Amino acid sequence: MRKKFISERLGEFISDLFGTGTGWLTFVGALILIFYIILAVFSPQIAPYNPTERVGRSLTAPNDQFIFGTDNLGRDVLSRVIYGARIALMIAFIAVAIAAGVGVPLGLISGFIGGPFDRVLTLIMDAIYSFPGLILAIAIAAVLGPGVINIAVSIAVVYTPTYFRVIRNQVASVKSELYVEAARALGAKNYEILMKYIFPNVLPSIVVVLSMNLADAIMTEAGLSFLGLGIAPPTPDWGFDLSNGQRFVLSKAWWGLLYPGIAIITVVLGFSMFSEGLNELINPTIRERR
Amino acid sequence: MSLKSYIITRIILALPMILVLLILIFFILRIIPGDPVLAILGGKAPVEVIEAKRHELGLDKPIIIQFFDYLGDVAKGDLGVSTLTNRPVWNEIKDRFPATLELTIFAFIIALVIGIFWGAEAAWRKDKPLDISARVYSIFIYAIPVFWLGLMLQLLFGIYLRWLPVGGRLSPRVSLDIKTGLLLLDSLITWNWEAFWDVLKHLLLPGITLGLVISSIFLRMVRNNTVLMLSKDFVKAAKARGLKPRVILYGHAVRNAFVPIFTIMGMQFALLLAGAVLTETTFSWPGIGSYLVLKIKYRDFPAIQGAIIFFALFVVIISIIIDIVNALVDPRVRY
Amino acid sequence: MIFEAKDLRIYYKTKKGYVKAVDNINFSVEKGQTVGLVGESGCGKSTFGQGILKILPPTTYYSGNMRIEDIELVGLNENEIRKIRGKKIGMIFQDPMTSLNPVMKIEKLFFETLKTHEPDITEEEARERTAKVLEKVGIEPKRMSEYSFQFSGGMRQRVMIALALVLNPILVIADEPTTSLDVIVQAQIMKLLNELRKEYDMSMILITHDLGVVAEMADKICVMYAGHIVEEASSENLYYNPKHPYTKLLLKSIPNTDINDLELKYIPGFPPDLSNPPVGCRFSPRCPFKKEICEVKEPPIVEVEGSKVKCWLYSGVEK
């Protein structure tokens, strides 16, 4: 039994509602992603204020000057939400890159070699896999301490087993295919077989898992930083801003809570729509399995 | 196979998993860069103090000895002593566990109720508004971070409407004899209605927050499986015997739809626990999740390790229980 | 007359439009009679069987009349027809593997059926009646606390039969009751059905694609093709003196054990698409005796030597 990615689950929900093969959903998802990537890359140009400086009175409700209001330190919430995209996307991309960078080679080797090495590695990966992801990330983040790379590593550990499992199982089945046997018979080296025949076969799965993994990474990052395990303040971060905003919930400062949350939700929806579309494109048969 | 031998087999099969989990936790918390002693004492402590602490914690022994000490301790139920409070970690966890249990059970029930009833009725009225709204609900609820949902409910019901408290388990002015630690149960068995009402009010927001988040999965599964079951021959046969629509829907279709759902409940429980950590923090709920977050703040490593081990065991135990329930619901598993 | 259908039409809705699965048929069952309803799959016979109980999808369209005793069925609402199902008319389905709920004990199926139609029944009484009817179909009553998957295919079909009989219905519809069983079990089940029909003094509609099966059991056989009843005759007449070309071909296609006749026979072509049936006689595209008029005008039903036939070959004068 496999844990499902948020994107995967959302993709199911979305195709329940709109049916499959809806290209416009992929398009909308891609638009949302491009929007956030632009926000992240050009935040200094887009954001009206410096996100880490006091620019107004504390806890100003949204008005013409600060359309998302200000936080307890008088910082512009809009600017912080815009800059928050940087951290969210950066950590998500790094985490996914690390998870794939570790999980894919291990899966390739483990599936290819087989034997006791494979069994031990599979057992370890399964154990990590069975653990509630966020709690595992919390444990690692607690040991590693704050910092972009540390958080990314904590998140990556949670998702490495997914890459490992997907790739390992595929390799194990591709390995016995006729053309691989033929290549071997013609004297191809292990390394060549792996890179020339097996890797191209599992590449589509890697792409799909990568795209699905991003929304989860963003959710996990938001959770970690909400719990105070993210990057150090005052760097703008949606999860951290939410936990900071919660301290002023009694003053009815709803704007500090609403906007970072909406940012997380839309970016997660965007990634999900996009990856679902990509999934259908690359893997048209995946529907039949569900 | 009898139910009893099924249960025993299931438990034996879980043992290697538990062992690997314990090894993993040990390695993550001990081997990964970062020195727990320095973390406890801070970088500026004198060398002798550091060495003494290292000895006290058994960290000067070879790693393999440390590992077996650790396994032995865990087997004895000894999770060490909190460096923050000097209390045994196991006792602290034991005190806080009922709060987490109460929250997760309550949330689970909410998720099941929403999932079963909405899912069943949606399946019965496929493609009608009730069904379509269920599908829209699932999308949004699943994209929402649980803590943000909690914050929004807090704002709405706690701050603006003032209907419900925004944190804690019991108002300070209410007295209650604590027996099981499950306050709802405690207030019931002592016939303390005032406390029952107060406890329920505190439980409602965090319970609903956590429950809603996993309800979407149940909702989808109940709905889709029920739609499938409603097309089965045995439903048609039940209809041909003149059974009432409710009996056909709940007694036959939903009941059978539940068989595949039970098998994935264990997975949902892991999700529920991760959500519980965030929910407990959002609502200052004094359970294991907020305990873990609190101890991380103070870098209380024995307590962190204890809490993580506890979560790991909890997940394994729940998955065993769910398999057993599954065997009870679906007799085919047993035979 | 126990059951009668007059000018009955049952159309069900699909994306392509209405499928005219039962199109203007007249059909009757006398008390104590067994009527066979025969045809290829997709000819509308199962739709008719399930249409009697109105257990087809709710968008299905019915017109004409159906009467069981004095009760008119077509106009009944869901709640009224529900009281007929199981109580007056029992139904036996084709596949006992899938028609019994796998997660319920056998007894539960009986109890809930009894309880629904006789709300005052006591637990003991329900148990007693279940035991009695199980005994009648040759199942040890103590097995009632087992699950359906613990029974073999033939035994499950016995359970299905018992379940259809437990309320003493006046009519039983058996929809391909033996198709999914192996040959020896088939014969046993058919024999059992025949005996029980007599013992319970019921009437029976036996739906099957296998003419060989009904010939011995049925008093009367109706041959259905593409939503029409094309021939209605006593089983003797039908077997030895078939009239309609379709019936003749159907009889020829029965596999026999004659060693000299190993040629596999089948009727060339396929049954028509019932959402857009052919004009005129619906069998005309496959009929070897086709005349001009067959493709233009629907044939009337005429009586020839005691059989009713819907075919232009027998209606002497062309109108």
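Since the model is a prediction, treat every value here as computed from it, not as a measurement.

Help me understand the sheet that holds strand 1 (residues 3–14) of chain C in this model?
Note: strands within a sheet are paired through backbone hydrogen bonds, in either parallel or antiparallel orientation. Residues and elements named next belong to chain C. Pairing is antiparallel across the open sheet formed by 4 strands, whose spatial order is 2-1-4-5. Two strands lie at the open edges of the sheet, namely strand 2 (17–29) and strand 5 (71–72), each paired on one side alone. Sheet topology places strand 1 next to strand 4 (residues 61–68); 7 bridges connect them, and they run antiparallel. Note on strand 4: the bridge partner recorded for Phe3 is Ile68. Across the sheet, helix 1 (residues 45–52) is in contact with strand 1, strand 2 and strand 4; its angle to strand 1 comes to roughly 110°.

I'm lost on the domain arrangement of chain B in this one. Help?
Where interface size is given, it is often the accessible area lost as the parts come together that is meant. Residue and element names in this part refer to chain B. Domain annotation for chain B reports domain 1 (3–75) and domain 2 (97–329). Relative to domain 2, the C-alpha centre of domain 1 lies at a distance of 32 Å. The interface of domain 1 with domain 2 comprises 17 residues on the first partner and 14 residues on the second. Summed over both sides, the interface of domain 1 with domain 2 buries roughly 1500 Å², with 81% coming from carbon and sulfur. Counting the surface domain 1 buries against domain 2, the share from its top three residues, Arg10, Ile25 and Leu29, is 32%. Joining domain 1 to domain 2, the criterion identifies 0 salt bridges. Counting the contacts that link domain 1 with domain 2 gives 1 residue pair in polar contact (both at pLDDT 80 or more). At the level of elements, helix 1 (3–30), helix 2 (36–41) and helix 4 (63–76) are the ones that each hand at least two residues to the side of domain 1 that touches domain 2. If you tally residues by element for the side of domain 1 that touches domain 2, the top one is helix 1, at 12 residues. Of the residues in the side of domain 1 that touches domain 2, the class split is 15 nonpolar, no polar and 2 charged.

Calculation criteria
Residues numbered from 1 in each chain as written. Chains lettered and ligands numbered in written order. Predicted model: local features only at pLDDT ≥ 70, side-chain atom pairs only at ≥ 80, totals over all residues. Heavy atoms only, no water. Pairing = 2+ DSSP bridges. Helix = DSSP H or I, 4+ residues; strand = E, 2+ residues; numbered from the N terminus. Contact = heavy atoms within 4.5 Å. Axes fitted to C-alpha atoms, helices over the stretch in contact; angles between N-to-C directions. Domains from an automatic or database assignment. Buried area = accessible area lost by both parts, 1.4 Å probe. Salt bridge = Lys/Arg side-chain N within 4 Å of Asp/Glu carboxyl O. Polar contact = N/O pair within 3.5 Å; in protein donor to acceptor, adjacent residues only side chain to side chain. Nonpolar A, V, L, I, M, F, W, Y, C, P; charged D, E, K, R; others polar.

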